[in-house]
Amino acid sequence: MVQTAVTQVVKTLNDVHQRFGLRRSPDEGFFTEWYANLPPLDEAERETLDRIRQRFRYHREAGQVTEGAVNAIVVARLLEMAGFYDPPFRLRAEVSMEIETVDENETLRGRIDFLVIQDQFWRAVIESKETEFDVEVGVPQTLAYMMANPIQDKPLFGMVTNGNSFIFLKVRQGKSPEYDFSDTYSPLSRANRLYEVLQILKGIGQVMIQ
């Protein structure tokens, strides 16, 4: 059996379609969690998000920001504020994974940056990149990681970010696996879009618990 790194062969959405039989859902109601019934933020949360954005912009103005710095400055703080460090969730970092593709002779290997688990079930996959990479480059790779979910009867959510931009994903496996993704949010815009990013994360967390 051929074993290959995900990053070497999964670079486009077409690669995901061909290797996993995954298709983007035509149903507009498939992924409403990124915009419907989002929880409100209080003043303290907005002030914290303003500081996170200011801090990220400060480092970004000096040049590219590494993946590790993106995680430390932005991602880790957002996951904490969303409640993913606390019960009923557990957060794992640098999780190795393997997944077989449609071709039974091919196994792909990779490493998930952050994995949110609830009662041993995968609930969310978080993938980060350094700022020099377009955030959309990480979408096919993250979809591949999400297809490694050993439990296929529950939807799995994902987030991809390079610090400059954020995209949310949803995958539902089964006989005809489907996915969809959100609009793109950038903390570099005039309005602080981290407000919406945190609302989406908190909303997804509430859906997971339900």
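Heads up: the structure comes first, above all this text.
Note that the structure is a prediction, hence the values are computed from the model and not measured.

Before we move on, can you summarise the packing of helix α3 (residues 43-60) against helix α4 (residues 67-81) with the specific residues and values?
Where α3 meets α4, the axes come as close as 10 Å, and the angle between the chain directions of the two elements is 165°. Between α3 and α4, the angle is such that the two are roughly antiparallel. The two elements α3 and α4 meet at a crossing, and its hand is left-handed. Contacts from Glu45, Thr48, Leu49, Ile52, Arg55, Phe56 and His59 in α3 reach Val70, Ile73, Val74, Arg77, Leu78 and Met81 in α4. Grouping the constituent residues of the contact of α3 with α4 by class yields eight nonpolar, two polar and three charged.

So what's going on with helix α6 (residues 194-209)? Residues and values would help.
Note: α-helices contain 3.6 residues per turn, so residues at a spacing of three or four share the same orientation. A rise of 1.5 Å per residue sets the reference length of α6, with its 16 residues, at 22 Å; its end C-alpha atoms lie 23 Å apart and thus fit the reference within 8%. Among all positions of α6, only Leu194, Val197, Leu198, Gln199, Ile200, Leu201, Lys202, Gly203, Ile204, Gly205 and Met208 are buried.

So what about the packing of aromatic side chains? Which residues, and what values?
Applying the stated criterion to the full structure yields four aromatic pairs. Between tryptophan 34 and tyrosine 35, the aromatic rings sit 4.9 Å apart at their centres with planes inclined by 80°, giving edge-to-face as the arrangement. With relative accessibility at 44%, the residue tyrosine 35 sits in the partly exposed group. Here phenylalanine 84 and phenylalanine 89 contribute two aromatic rings whose centre-to-centre distance is 5.2 Å and whose plane-to-plane angle is 80°, an arrangement assigned as edge-to-face. When the ring centre of phenylalanine 181 is taken as reference, the NZ or CZ atom of arginine 24 above it lies at 3.9 Å. The ring of phenylalanine 30 has lysine 170 lying over it, and the distance from NZ or CZ to the ring centre is 5.2 Å.

How would you sum up the environment of arginine 109? Please name residues and give values.
Here arginine 109 lies in strand β4 (residues 106-118). For the pair arginine 109 and proline 187, spaced 78 residues apart in the sequence, the C-alpha separation amounts to 32 Å. Separated by 2.6 Å, the side chains of arginine 109 and glutamate 98 make a polar contact.

A description of the pairing of strand β5 (residues 121-128) should follow, citing residues and the corresponding values.
Side chains on a regular strand alternate between the two faces of the sheet. In terms of residue burial, β5 counts as a mostly covered element, since seven of its eight residues are buried. As paired strands, β4 and β5 are joined by five bridges and run antiparallel to one another. When the bridges of β5 are listed, leucine 115 appears paired with valine 125. The antiparallel pairing of β4 with β5 creates a hairpin that spans two residues between the two strands, and aspartate 119 there sits at a positive phi of about 55°. The pairing of β5 with strand β6 (residues 156-161) spans five bridges and is parallel. Across the sheet, the residue bridging to isoleucine 126 is methionine 159, located in β6. Following the backbone out of β5, through helix α5 (residues 138-146) and into the adjacent parallel β6, one traces a crossover that is right-handed.

I'd like a description of the pattern of salt bridges, backed by residues and values.
For the structure on display, the rule yields ten salt bridges. Residues arginine 19 and glutamate 106 are paired through a salt bridge, measuring 3.2 Å at the closest nitrogen-oxygen approach. You can see arginine 19 sitting in helix α2 (residues 13-20) and its partner glutamate 106 sitting in strand β4, a full 87 residues away along the chain. Judged by its relative accessible area of 22%, arginine 19 falls in the partly exposed class. With a relative accessible area of 10%, glutamate 106 lands in the buried category. Notably, a salt bridge pairs arginine 24 with aspartate 180, separated by 2.7 Å at the nearest N-O pair.

Lay out the side chain of glutamine 141 with the relevant residues and their values.
Counting through the fold element by element, glutamine 141 comes out in helix α5. The exposure class assigned to glutamine 141 is buried, which follows from its relative accessible area of 7%. Only 3.1 Å separates the side chain of glutamine 141 from the side chain of glutamate 127, close enough to count as a polar contact. Within the structure, glutamine 141 has its side chain in polar contact with the side chain of lysine 129 (distance 2.8 Å). Non-local contacts of glutamine 141, meaning those with residues more than four positions away in its chain, are made with Val6, Thr7, Val10, Glu127 and Lys129.

The rules we used
Residues numbered from 1 in each chain as written. Predicted model: local features only at pLDDT ≥ 70, side-chain atom pairs only at ≥ 80, totals over all residues. Heavy atoms only, no water. Axes fitted to C-alpha atoms, helices over the stretch in contact; angles between N-to-C directions. Helix = DSSP H or I, 4+ residues; strand = E, 2+ residues; numbered from the N terminus. Parallel < 35°, antiparallel > 145°, perpendicular 65-115°, else oblique. Left-handed = near helix turned anticlockwise from the far one by under 90°. Contact = heavy atoms within 4.5 Å. Nonpolar A, V, L, I, M, F, W, Y, C, P; charged D, E, K, R; others polar. Expected span 1.5 Å × (residues − 1). Buried < 20%, exposed > 50% of the residue type's maximum accessible area, 1.4 Å probe, protein only. Phe/Tyr/Trp six-rings, centres within 6.5 Å; stacked < 30°, edge-to-face > 60°. Lys NZ or Arg CZ within 6 Å of the ring centre and 35° of its normal. Polar contact = N/O pair within 3.5 Å; in protein donor to acceptor, adjacent residues only side chain to side chain. Pairing = 2+ DSSP bridges. Right-handed = clockwise from strand over helix to strand, strands pointing away. Salt bridge = Lys/Arg side-chain N within 4 Å of Asp/Glu carboxyl O.

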